[in-house]
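Below are the chains, spelled out letter by letter.
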Amino acid sequence: MTVAPLSRDLDRGELRELVAQIAADPERWRPLVRHGTADRAFEQLWRDEHVDIWVISWMNGSDTGFHDHDVSRGAVAVVEGEVIEERLVVGGAPRELHHPAGGVFDFGASHVHRMRQETDVPAVSIHAYSPPLWRMGSYAVAPDGTLRRESISYAEELRPVKAAA
Amino acid sequence: MYEAIDIHQHLWPEPLLRELSRRRSAPMLVHRATGWVLRLRGEPDAPVDLADHDPERRAALVVADGLERALVAPSVPLGIEALPAGEAEPLLEAYHDGVAALGSRFGAWAAVGLAEPDRAALARLLDRGFAGACVAADALAGPAGFDRLGPILETLERRAAPLLVHPGPAPATATAGTPGWWPPLTHYVAAMHAAWHAFAAWGRPAHPRLRVCFAMLGGLAPLHRERLVARGGLAVSDPDVYLDVSSYGIRAVDAMLREVGVDRLVHGSDRPVCAPAALPFGEAVRSALRGRNPSRLLVSTAALAAV
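Residues numbered from 1 in each chain as written. Chains lettered and ligands numbered in written order. Predicted model: local features only at pLDDT ≥ 70, side-chain atom pairs only at ≥ 80, totals over all residues. Heavy atoms only, no water.

Participant: It is not clear to me how the environment of R69 of chain B should be interpreted in this structure. Could you clarify?
Facilitator: All names here are of chain B. Position of R69 among the secondary structure elements: in strand β5 (residues 69-72). Taking the relative accessible area as the measure of exposure, R69 reaches 23% and is therefore partly exposed. The sequence separation of R69 and E3 amounts to 66 residues, and the corresponding C-alpha distance is 7.8 Å. Side chain to side chain, R69 and E3 meet in a polar contact 2.7 Å long. (Helix = DSSP H or I, 4+ residues; strand = E, 2+ residues; numbered from the N terminus. Buried < 20%, exposed > 50% of the residue type's maximum accessible area, 1.4 Å probe, protein only. Polar contact = N/O pair within 3.5 Å; in protein donor to acceptor, adjacent residues only side chain to side chain.)

Participant: Hey, could you run me through the interface of chain B and chain A in this one?
Facilitator: Frequently, the measure chosen for interface size is the accessible area removed from exposure when the parts meet. Between chain B and chain A, the contact holds 20 residues from the first and 17 residues from the second. Together, the buried faces of chain B and chain A total about 1,800 Å²; carbon and sulfur atoms form 52% of this surface. Linking chain B with chain A are two salt bridges. Here E49 of chain A and R225 of chain B are joined by a salt bridge, their closest N and O atoms 3.9 Å apart. When its residues are assigned to classes, the side of chain B that touches chain A shows nine nonpolar, four polar and seven charged. (Contact = heavy atoms within 4.5 Å. Buried area = accessible area lost by both parts, 1.4 Å probe. Salt bridge = Lys/Arg side-chain N within 4 Å of Asp/Glu carboxyl O. Nonpolar A, V, L, I, M, F, W, Y, C, P; charged D, E, K, R; others polar.)

Participant: How should I be thinking about the packing of aromatic side chains in this particular structure?
Facilitator: The relation between two aromatic rings is expressed through the spacing of the ring centres and the mutual angle of the planes. All names here are of chain B. With the rule as written, the count across this model stands at seven aromatic pairs over all chains. Centroid distance W196 to F214: 5.1 Å. Interplanar angle 70°. Geometry classified as edge-to-face. Residue W196 is found in helix α8 (residues 187-206), and its partner F214 is found in strand β10 (residues 212-214); the two are separated by 18 residues along the sequence. An identical accessibility class is assigned to W196 and F214; each is buried. Ring centres of F199 and F214 lie 6.3 Å apart, and the angle between their planes is 70°; on these two criteria the pair is classed as edge-to-face. Of this pair, F199 sits in helix α8 while F214 is found in strand β10, placing the two residues 15 residues apart along the sequence. (Phe/Tyr/Trp six-rings, centres within 6.5 Å; stacked < 30°, edge-to-face > 60°.)

As structure tokens, then:
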């Protein structure tokens with residue numbers, strides 16, 4: 001497939017429009033759906049210097065853990081099943097948002113979230129990031145309760161070793 | 001699991017060493033009191049440590065590098081491919097026969113004689129199990145090169161076998177006192193840039209399905225995208241083009257990861273010329289460079305789908 005190239009990075013509205021357009025055209029994303037694997041499967045639908053687009057297949061309680069996207073903005077369109085997004089609240093329970101098929105949401109580079117899938121129905125979502133993903137922050141709570149951020153390559157999230165098995 | 005592989009090493013097998021030592025003009029191996037010396041046109045004599053080309057020692061190094069296999073590429077800087085056909089032929093045959101006999105830790109890239117590019121000879125080498133063909137960047141640095149080597153690239157494309165674009169040889173202009181790193185940092189880099197842009201301009205339109213790997217991160221040519229656009233060029237992402245990371249380290253590889261993404265990079269060390277750099281980008285990057293991506297470079301996804 002081709003995406004009309006832009007000569008600059010995309011803003012949140014443009015990313016949202018982009019994933020909604022792709023979601024509305026199953027011929028573009030359905031060949032990249034992978035439901036046979038044990039965990040989330042990531043297939044890159046497009047990458048150029050300004051945007052990368054992924055088709056993510058979710059199943060069996062897939063969970064990203066809390067993470068950020070460093071300097072990238074993003075948008076997600078859910079096309080099958082349902083994914084749950086959690087946003088970290090300091091001193092309170094995470095805010096939980098349910099995104100069923102047909103849902104679209106976007107976020108800025110300052111956004112920290114966790115995404116998971118927990119029903120028996122596998123989910124599929126289209127993700128676009130601009131500028132393309134490079135580094136990400138992965139969050140964990142230390143035994144003393146303090147929040148820790150680890151800088152990781154986007155490959156740790158989208159090209160995990162266990163998917164190569 | 002994918003096979004962990006180094007797609008870019010060099011090893012002069014015994015038959016090639018013998019042929020090179022038999023020659024009376026460059027490229028040739030000369031025996032001196034201090035040991036063997038390699039003489040190339042226009043370059044200062046360089047000592048050669050034959051232990052670097054000992055198959056057993058090198059096979060052990062493949063294992064020590066945590067790999068299952070390494071692909072041997074012809075040493076393009078020797079200039080063998082560019083010799084007149086009659087001179088090139090015995091050397092190319094010695095290379096091909098020698099590397100084909102290296103055992104299970106090694107595969108190899110076929111060399112292509114440039115005086116008379118022979119598609120039938122390449123087809124026979126692919127039949128013998130060669131992974132693809134390795135061609136000098138200078139031979140593919142413009143439209144004339146793609147015309148001349150068109151039948152070779154067409155053969156690779158039809159056989160779903162990849163092309164490795166490798167730097168060298170340097171033009172014979174070095175004078176005494178020129179350091180050994182001069183050609184690799186000047187001519188090789190420029191030639192890889194030319195080949196990178198030439199492939200996008202003339203190679204890809206003529207060979208839409210050919211998978212290509214550029215050694216040494218294409219001399220960092222992809223990082224010049226902004227300049228390309230500023231000067232009126234069109235930057236195109238090509239999912240069938242790969243870059244090996246040979247001779248580069250954490251900064252250049254990180255910049256390239258950002259520019260082209262992890263799926264385009266493959267592990268190539270250039271042993272014994274260079275040792276692989278430590279790339280502390282995590283297990284996922286390591287696994288992509290050494291396993292997943294080489295498997296896509298070497299075996300077409302179309303061929304995989306047909307299995």
